[in-house]
Every structure is written in C-alpha cells, then in structure tokens.
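What the coordinates show
Here are the chains, one letter per residue:
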Amino acid sequence: MAPRALNRALICILLVAGAAFPAGAAGPSGAQQKGAESFLNAVASGNAQAVAQELHPDEVDKLRSRLLTLLRAENSRSDNTYRSRLFGPGRSLAELESMTSVRFYAALAERLRLRSREFEKYDWLGAVPDGKLVYLVGKGTPPKDKGAVPVLVTVGLMQYGSQWRAAIPSEIEAQLDDLLDGRGPAASAPAIASSSPAAAAAPTQPLAPGISELLARAEASLAAGNCTEYYDQFMSPNFNRATSRSARKTLINACTNNESTRETMITTLRIVQELKPKYDLGGARAIYDVSGQGLPYERFVLERDKDMRWYIAE
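The structure contained in this document is the topic of the report that follows.

What counts and how
- Residues numbered from 1 in each chain as written.
- Predicted model: local features only at pLDDT ≥ 70, side-chain atom pairs only at ≥ 80, totals over all residues.
- Heavy atoms only, no water.
- Helix = DSSP H or I, 4+ residues; strand = E, 2+ residues; numbered from the N terminus.
- Buried < 20%, exposed > 50% of the residue type's maximum accessible area, 1.4 Å probe, protein only.
- Contact = heavy atoms within 4.5 Å.
- Areas by Shrake-Rupley, 256 points an atom, 1.4 Å probe, with all protein chains shown as cover.
- Pairing = 2+ DSSP bridges.
- Axes fitted to C-alpha atoms, helices over the stretch in contact; angles between N-to-C directions.
- Disulfide = S-S within 2.5 Å.
- Parallel < 35°, antiparallel > 145°, perpendicular 65-115°, else oblique.
- Nonpolar A, V, L, I, M, F, W, Y, C, P; charged D, E, K, R; others polar.

Let's shift gears to the overall build of the chain. The secondary structure content of the chain amounts to 15 helices and eight strands. The proportion of buried residues among the 314 residues of the chain is 38%. For the chain, the proportion of contacts with a sequence separation of at least 24, taken over those separated by at least 6, is 57%. Total accessible area computed for the chain in this model is approximately 17800 Å², and 51% of it derives from carbon and sulfur atoms.

See below:
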C-alpha cells in the first residue's frame, strides 16, 4: 500500500458491518480520540495556527524543511515561481526562513482549503492501522441548532509520546502538489456566466490617468533607497497631516534601515501595477484588493487631490 494511502476497503467493511471490529480487537484509545477531536475542532475554528498546533510537530517541521529546500533552490536561480504560488509574491524567502514551523504552516494555509463542520460530539467507530499512521473513523454530530445529520469523519494520527497528533491530511498534500504544478483552484475553476444584465454589461473601468506614473516613480524612489523622498512626494497630504512627526520619522527610519521592510513596500507597488483597482468617492479613490498576495495587509489605497494628482493613501 502506498504511504499514507487510506485503506478504503477496510473502512467500507467497517462501516457496512455496523462499525464492528473482530472480537477482541481494540477500538480507539482515549488519547487517540482526544487527538482526533482536538484536530477537528481546530479545523472547524478556521484558525490555521490552531490547526498547525494540533498537527504532529515532526510533520510540520518536515513540511517546512522540504518546502524551504525547494524555495532556496529556485532562489539560487533567481526564480520565485514556487514561492509566489505557495505564499504569494509579497512573501520574501528571508521572511519565510525566519518563521517557526507553526507560523510557516499558517502562512501556507492562506492558499489551502481545509474545512470541518462544528460538532457537539463524536461517535468513534474504529481505528484503522496504516503503517505508522492510525486512521480514526467515526461520525460527528453537530449542535442541535446546526443540523441533525451525523457526518462521517476520518483523521490520520501519529503517536507523539503518550499523545496522538494528527498527520498532515493527504488532501493538503494534494493541494500543495496542485499549487507547485500551477494547478491552483483559481486556474482550474470554470468560469460562471452571470445571468445579471448589469453584471454582463459592466465594462472594465480603465486605469485613471496618473496612477501608472505614480506607482512607477514611487517604486523607483524606494529601489534607490530614497525613503524620505517616498514619504514626501508620494504619500498623500492627508496621510502626512494625520501622521505625527515622530511616527513619520519612525516610518522613514524603518524604510531606510530595514531592507525587508523596504522590499515589502517595493513588492507591493509591483503587485498593484498588475492589478485593476475599484474606484469610489466619484473616482477620487482607487482601492486595490491585495489579499492572498502574501502581503501583511489586504488592500492598497490611492487617492486623488484637488489638483488631480494621485498619491498613496494607505
């Protein structure tokens, strides 16, 4: 049997037979049940860091080591294809290398889909051994206000001292393989035709004059290390008025002295030059959605002042 291949035939027999093991066979231990339930509860919470903490530490460490080896190899070729696919173009290799395994998984999870319903109780039907793994098979019962249909659940576990922790699900490994090979959900999802006349007729709004020049000049300023010029000439007057002198000095110093901070700012400008903004306030504000790009923020905003010049607002 292939590594981590779930013994589906055995599980089917287990379920069809009323979840009964042969006489004398041991069912899931209390520690195994606790490990499986803690993992499912973490997944249901939607908190990727909580999920990582319920995974077997060796599993998370190996995942981080394997992917960093891949990213370092491509970086030596001046390439960032895999890094962009896994984390978005806004994440630098240095930033990823500084992360703990738990934080690394949480950053990676922004591109992954792992879901579980919230359950009030679990009825564990059996434990299926598969090499170093043990798969717990059971049914989860949702809270009364969230349905009445029990749902089949399966969790792969590995022993961790006296505890049992979840192995990285094969679905996650498959999604990582998809991302690395460029088979991400965004690329493979079929287009959905809209039946709304308004949606069908809405044209793509052209980029407002002056935005491209602003972004290019701001990027060139940062690339040259001219952080004071960046804040003086390209940040909006509203931003500079609302920012105290000491706070502004701190921002300029961080930009000047911290290469990683400056590189993130440059990367942001490069990313938004490839995106289309949405406009509000009668076209006086341009809002870019940069979520999922590996940046520490989800939007980037420009604003136009009375002289029709564009500035970076936030």
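The next subject is the sheet that holds strand S5 (residues 278–280). Read from one edge to the other, the open sheet built from four strands follows the order S5-S6-S7-S8, with strand pairing classed as antiparallel. The open sheet has two free edges, formed respectively by S5 and strand S8 (310–312), since each of these has just one partner strand. Averaged over all neighbouring strand pairs, the angle between strand axes comes to 25°, with direction disregarded. In this sheet, strand S6 (residues 285–289) lies alongside S5 in antiparallel orientation, the contact comprising three bridges. From the neighbouring strand, Asp280 faces S6, where its bridge partner is Arg285. Strands S5, S6, strand S7 (299–304) and S8 of the sheet are contacted by helix H11 (residues 211–223), whose axis makes an angle of about 40° with S8.

One pass over the full model with this rule turns up one disulfide. One disulfide bridge connects Cys227 with Cys255, the sulfur atoms lying 2.0 Å from each other. Torsion about the S-S bond of the Cys227 and Cys255 cystine: about -70°, corresponding to left-handed handedness. Highlighted residues: Cys227 in helix H12 (residues 227–234) and Cys255 in helix H14 (residues 245–257), separated in sequence by 28 residues. The exposure class assigned to Cys255 is buried, which follows from its relative accessible area of 0%.

Across the interface, H12 lies against H14 with an axial gap of 8 Å and an inter-helix angle of 135°. Viewed along their axes, H12 and H14 adopt a mutual orientation that is oblique. Contacts from Cys227, Thr228, Tyr231 and Asp232 of H12 reach H14 at Arg248, Leu251, Ile252, Cys255 and Thr256. Taken together, the residues of the contact of H12 with H14 break down into five nonpolar, two polar and two charged.

Let us look at the packing of H14 against helix H15 (residues 259–272). Interhelical geometry of H14 versus H15 gives an angle of 95° and a closest axis separation of 5 Å. It follows from the interaxial angle that H14 and H15 lie roughly perpendicular. Contacts between H14 and H15 involve Ala254, Cys255, Thr256 and Asn257 from the former and Glu259, Thr261, Arg262 and Met265 from the latter.

Now for the environment of Val155. With respect to the helices and strands, Val155 occurs in strand S3 (residues 151–160). Given the relative accessible area of 2%, Val155 is considered buried. Considering only alpha carbons, one finds Val155 and Leu133, 22 residues apart in sequence, at a separation of 9.8 Å. Those residues in contact with Val155 that lie beyond four places of it in its chain are Ala36, Phe39, Leu40, Val134, Tyr135, Leu136 and Ala166.

As a further point, take the pairing of strand S1 (residues 121–130). The element S1 is largely enclosed, with a buried count of seven among its ten residues. Note that S1 and strand S2 (residues 133–141) share nine bridges and pair antiparallel. Its bridge partner being in S2, Lys121 is matched across the sheet by Thr141. The hairpin formed by S1 and S2 contains two residues between the paired strands, and Gly131 there has a positive phi angle of roughly 65°.

This part covers the sheet that holds S2. Pairing is antiparallel in the open sheet, where four strands are placed in the order S1-S2-S3-S4. With partners counted over all chains shown, the strands left at the sheet margins are S1 and strand S4 (163–166), one partner each. Direction aside, neighbouring strands of the sheet carry axes that sit 35° apart on average. Two elements, S3 and S4, share four bridges in a ladder whose sense is antiparallel. Note that in S4 the partner of Gln159 across the bridge is Trp164. Where helix H2 (residues 30–45) meets the sheet, it contacts S1, S2, S3 and S4, and its direction lies at approximately 110° from that of S1.

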